[in-house]
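What the coordinates show
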Amino acid sequence: MTISYKWLSEYLPAGEAGLPVTIEPEKLSRILTSIGLEVESLEKYEEVKGGMKGLMIGEVLEAAKHPDADKLKLTKVNIGNGELLQIVCGAPNVAAGQKVVVATIGTTIYPTKGEPLTMKKAKIRGVESNGMICAEDEIGLGDSHTGIMILDENAIVGMDAADYFKPYTDWIYEIGLTPNRMDAMSHMGVARDVCAWLTHHERKEAKVKTPFSATYKADTPSLNFEVVIENKEACQRYAAATITGVTIKSSPKWMQEKLKAIGVRPINNIVDITNYILHETGQPLHAFDATEVKGKKVIVKNLPEGTPFVTLDEKERKLSAEDLMICNGEGEPMCIGGVFGGLHSGVTEATKTIFLESAWFNPVTIRKTSFRHGLRTDAATRFEKGVDISNAVNVVKRAILLMKEIAGGEIAGEVVDVYPNPKPRTEVAIKNHYLKKLSGKNYHPDTVKKILTGLGFEIVKEGIDELRVSVPYSKPDISLPADIVEEIMRIDGYDNVEIPTSITISPSTENMQHAVAYKEKTANFLVGAGFYEIFTNSITNSAYYNEEVLNSTVKMLNNLSAELNVMRPSMLQTGLESIGHNLNRKNNDLRFFEFGKTYSTSVPGKYDEKDHLCLYITGMKSEDNWKKENSKTDFYYLKGVAVSILKVLGIQLSELNAVEHGELDSCLQGKFNGEVLFETGSVNNKILQQFDVKQAVYYADFDWQALLAASAKSKLSYTEIPKLPAVQRDISMIVDKAVKYEQVEKAAMGTKINRLKQVNLFDIFESDKLGAGKKSLAVSFTFRDDEKTLTDKEIDGMMSKIMQAFEKEFNAEIRK
């Protein structure tokens, strides 16, 4: 939100009732931040960049032809310091006796177009030149470069150009508004808060200087325009007024200066007045050419789905049946209500009669329409946050009076105000002990009343321990006692809450300690393994998912943007956004993990949330070094990390099976007692292409609640560290290619040899020389007896039993 210091100051009661005559820009910045209107920047605005510093008013005393150039003239210029400046000038209109603007040596000029230029002493065609006589575009005063600026003959020689032209300067605040502070989306709204602060802290009553006048009076009979609201939910109030005989021209200088200072481009007097009122009061207005309001009737209604409508930007848009339209008496659309005007009903240079709209539109309706058509206008931004429904008539009167003053014309009749169901003011009750509990401070009842009345609240009822107030229409977000506490505290100042002498806490009774401990334990393990924790947005883009997934996806009703419109059904896509972001910045070797939630719905109104732990890896395992060659991360590396996480949590996998997965290739599924704990695999190329990721990414998704449940069921046991050495033997065997190592491991453990402690695959060899469809596996076995040292005979016996099992189950050929 952009606020002008000078404009804001017009509504502050400076110098009245003992109040400060002026509030300096820096002090006002601190006040705004303290009352919750955080000032993100405070910058000086200059209508003419550089403020015309160094430019002087001079008089050309001589203007002779340059001795060595036909198009140049050699001038003598008096700038009032007793010395004549010799300046070579190329302007065709320079002549003796003219009053001009002179840029002296050392002065920096800021052209309307181009880079700044600092004046230096120079020789032009062999003649010394000590400055420049300026054209208007050379000093940022206009666009003309046909010749130098010739000033009025009464201009005083030696005068600073800044004092002569008086270019507009101001201080501009950029305020970071929170979404609920629609009441501060205008200069008057900000002034109201500042006055409440002054009343409380300066101990003097401060009231906003209102621009509204009671002088509104019809000059001619009404033109009898009729307003009909068909959709009373989407448009709860519609006020309008008419003015005839206006002249469309440029706005006065003072209005243009104010608008340009806050970044609004002046267009013409009528459009500028609507923009001026918008930033003054926060109420959007729309001016129609009254001759386009056919039948002298305005109908606020919805049109059929797909109705074509050409908007002000000359684009044809297909309307939704939910879009609220402002139509004429023949049912033709003139404007998308509260969002954007139509091409044929707007104000033109030929317009003589204005029909001015001031309405209240439903925020939800406006927001949906605005996003649907990609029209993020100033009007839509304000309507979607809620405007002051009680101010519609006052604002339209203020605008019409300004039009009469600036554009001429006569007010035709009284204001038309259609308000079918007047909205009652919200009432909220707050108890003293509740205020103390939330704020941590004892407020005197008189202080509370003074702050609230200063903000526009009205006292409805006052009790011993309770205060009931009615909320101003300008604050539609306030409905709870906690909201009232916030209003009191921000005006008093959060820094003024005393630090308590003691702090009391209520210990949690939830049995969540093990869950927090396991999460911390897992995170520490992953960080130690070189992973970085990430946090991604749980709101994501529906374009990432197919129709089947979207059928059970939780959709946002009032999404913040078109790209963020669903709650994520999977954490893969949001993680890939982070992967893609890093890869685009040449950070190619990544190991991420994230604890987060996914969301789904199978029945309307019923939603499921699931906790997940997800791992993402891509690139190389480690950095290159002289000692060993680096290698790429792969499926087996991530599978090893996944199994290690289970071991950290004391879980022993009961199953590890290959499964089909829509998003992953070569997917493995890990189970414990039939419950799926995790799935891991390489991400499908089709999905990687959505994020412009061109290298392999491996992904593991853990069901965190299932992990916690499995960990709780697992019993930890402790054994003494073995005193006797283990013995290792290995075999090499030829088996069918279809045989998996998992089967080999199960077969070995299935021999039920208690002394067999570990089985490990350390080599795979495939070659046509082994035979068609064959491969060689090299497997090692670790044996240990905790009571004695094993003999060769005992070990040979166990190995023989294992080999017989392999020969029987896999028809293996043991290589001896």
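My aim in this report is to walk through the structure given alongside it, one point at a time. (Residues numbered from 1 in each chain as written. Predicted model: local features only at pLDDT ≥ 70, side-chain atom pairs only at ≥ 80, totals over all residues. Heavy atoms only, no water.)

Our next topic: the sheet that holds strand β20 (residues 333–336). Two modes of strand pairing occur in sheets, parallel and antiparallel, and in both the strands are linked by backbone hydrogen bonds. An order of β13-β16-β19-β20-β21 is seen for the five strands of this open sheet, with the pairing classed as mixed. Single-partner strands in this sheet number two, and they are β13 (226–229) and β21 (340–341). (Pairing = 2+ DSSP bridges. Helix = DSSP H or I, 4+ residues; strand = E, 2+ residues; numbered from the N terminus.)

The next point concerns the packing of helix α4 (residues 187–201) against helix α11 (residues 445–454). Contact geometry for α4 and α11: axes closest at 8 Å, N-to-C directions at 155°. One way to sum up the angle between α4 and α11 is to call them roughly antiparallel. In this structure, the crossing between α4 and α11 has a hand that is right-handed. Contacts between α4 and α11 pair R192, A196, T199 and H200 from the former with T447, K450, I451 and G454 from the latter. Its residues assigned to classes, the contact of α4 with α11 comprises two nonpolar, four polar and two charged. (Axes fitted to C-alpha atoms, helices over the stretch in contact; angles between N-to-C directions. Parallel < 35°, antiparallel > 145°, perpendicular 65-115°, else oblique. Left-handed = near helix turned anticlockwise from the far one by under 90°. Contact = heavy atoms within 4.5 Å. Nonpolar A, V, L, I, M, F, W, Y, C, P; charged D, E, K, R; others polar.)

Let's shift gears to the state of the cysteines. All told, the structure shown has zero disulfides when counted by the stated rule. A disulfide-free cysteine, C134 has its sulfur positioned 9.4 Å from the sulfur of C89, the nearest such atom. Distance from the sulfur of C327, which forms no disulfide, to the nearest cysteine sulfur (C335) is 9.7 Å. The buried category is assigned to C327, whose relative accessible area is 0%. (Disulfide = S-S within 2.5 Å. Buried < 20%, exposed > 50% of the residue type's maximum accessible area, 1.4 Å probe, protein only.)

Phi is positive for N224, which is not a glycine, with a value near 60°. Structurally, N224 is set in the loop between α4 and β13. Non-glycine residue K296 carries a positive phi angle of around 50°. Mapped onto the secondary structure, K296 falls in the loop between β15 (286–289) and β16 (297–302).

On the surface, a cluster of negative charge is contributed by D589, E623, D624 and E629. Taking relative accessible area as the criterion, D624 reaches 64% and is therefore assigned exposed. (Patch = residues over 30% accessible without salt bridge, like charges linked within 9 Å, V, L, I, M, F, W, Y side chains within 5 Å. Areas by Shrake-Rupley, 256 points an atom, 1.4 Å probe, with all protein chains shown as cover. Salt bridge = Lys/Arg side-chain N within 4 Å of Asp/Glu carboxyl O. Lys, Arg positive; Asp, Glu negative; His and termini not counted. Charge placed at Lys NZ, Arg CZ, Asp CG, Glu CD.)

Turning our attention to the packing of aromatic side chains. Enumeration according to the criterion identifies 16 aromatic pairs in this entry. Aromatic pair W7 and Y276: ring centres 4.7 Å apart, planes at 15°, arrangement stacked. Here Y276 lies in helix α6 (residues 269–281) and W7 lies in helix α1 (residues 5–9), a separation of 269 residues in the sequence. Grouping residues by exposure puts W7 and Y276 together as buried. Their ring planes at 45° and their centres at 4.7 Å tell us that Y544 and F691 sit as a pair that is tilted. Of the two residues, Y544 is situated in the loop between β29 (539–540) and α14 (547–550) and F691 in the loop between α17 (685–690) and β36 (697–703); the sequence distance between them amounts to 147 residues. (Phe/Tyr/Trp six-rings, centres within 6.5 Å; stacked < 30°, edge-to-face > 60°.)

Let's shift gears to the environment of T782. Mapping T782 onto the fold places it in strand β39 (residues 774–783). Take T782: its relative accessible area is 14%, and that puts it in the buried class. When the C-alpha atoms of T782 and T501 are compared, they prove to be 65 Å apart, with 281 residues separating the residues in sequence. Those residues within four positions of T782 in sequence are excluded, and the remaining contacts are A726, V727, Q728, R755, L756, K757 and Q758.

Before going further, it helps to examine the nonpolar core. Among the nonpolar cores identified, the biggest contains 75 residues, and L32, I354, L356 and I484 are the most heavily contacted of them. In terms of residue count, helix α9 (residues 392–407) provides more of this core than any other element does, eleven residues in total. The contact partners of I484, leaving out residues within four places of it in the chain, are V428, I430, L452, F457, V469 and I478. Counting 37 residues, the second largest nonpolar core, distinct from the first, contains V293, M334, A359 and Y419. (Core = buried A, V, L, I, M, F, W, Y, C linked by side-chain atoms within 4.5 Å.)

A word on the sheet that holds strand β12 (residues 169–176). A sheet is described by the order of its strands in space; here three strands give the open sequence β1-β12-β2, paired in antiparallel fashion. Edge positions in the sheet fall to β1 (2–4) and β2 (38–46), since each of these pairs with one other strand and no more. Across the sheet, the axes of successive neighbouring strands diverge by a mean angle of 25°, strand direction being ignored. Of the strands in this sheet, β2 and β12 are in contact with helix α2 (residues 25–34), which crosses β2 at around 155°.

Take the packing of helix α10 (residues 432–439) against helix α12 (residues 481–492) next. Close contact between α10 and α12 brings their axes to 10 Å; oriented N to C, the two are set at 65°. Crossing hand, α10 versus α12: right-handed. Here Y434, L435, L438 and S439 of α10 come into contact with α12, specifically with P481, A482, V485, I488 and M489. A breakdown of the residues in the contact of α10 with α12 according to their chemical character gives eight nonpolar, one polar and no charged.

To continue, consider the side chain of N268. Mapped onto the secondary structure, N268 falls in the loop between α5 (253–261) and α6. Look at N268 and you get buried, because its relative accessible area is 12%. Within the structure, N268 has its side chain in polar contact with the backbone nitrogen of I270 (distance 3.1 Å). The residues touching N268, leaving out its near neighbours within four places in the chain, are I248, K249 and S251. (Polar contact = N/O pair within 3.5 Å; in protein donor to acceptor, adjacent residues only side chain to side chain.)

None of the figures reported here should be taken as evidence of function without further support.
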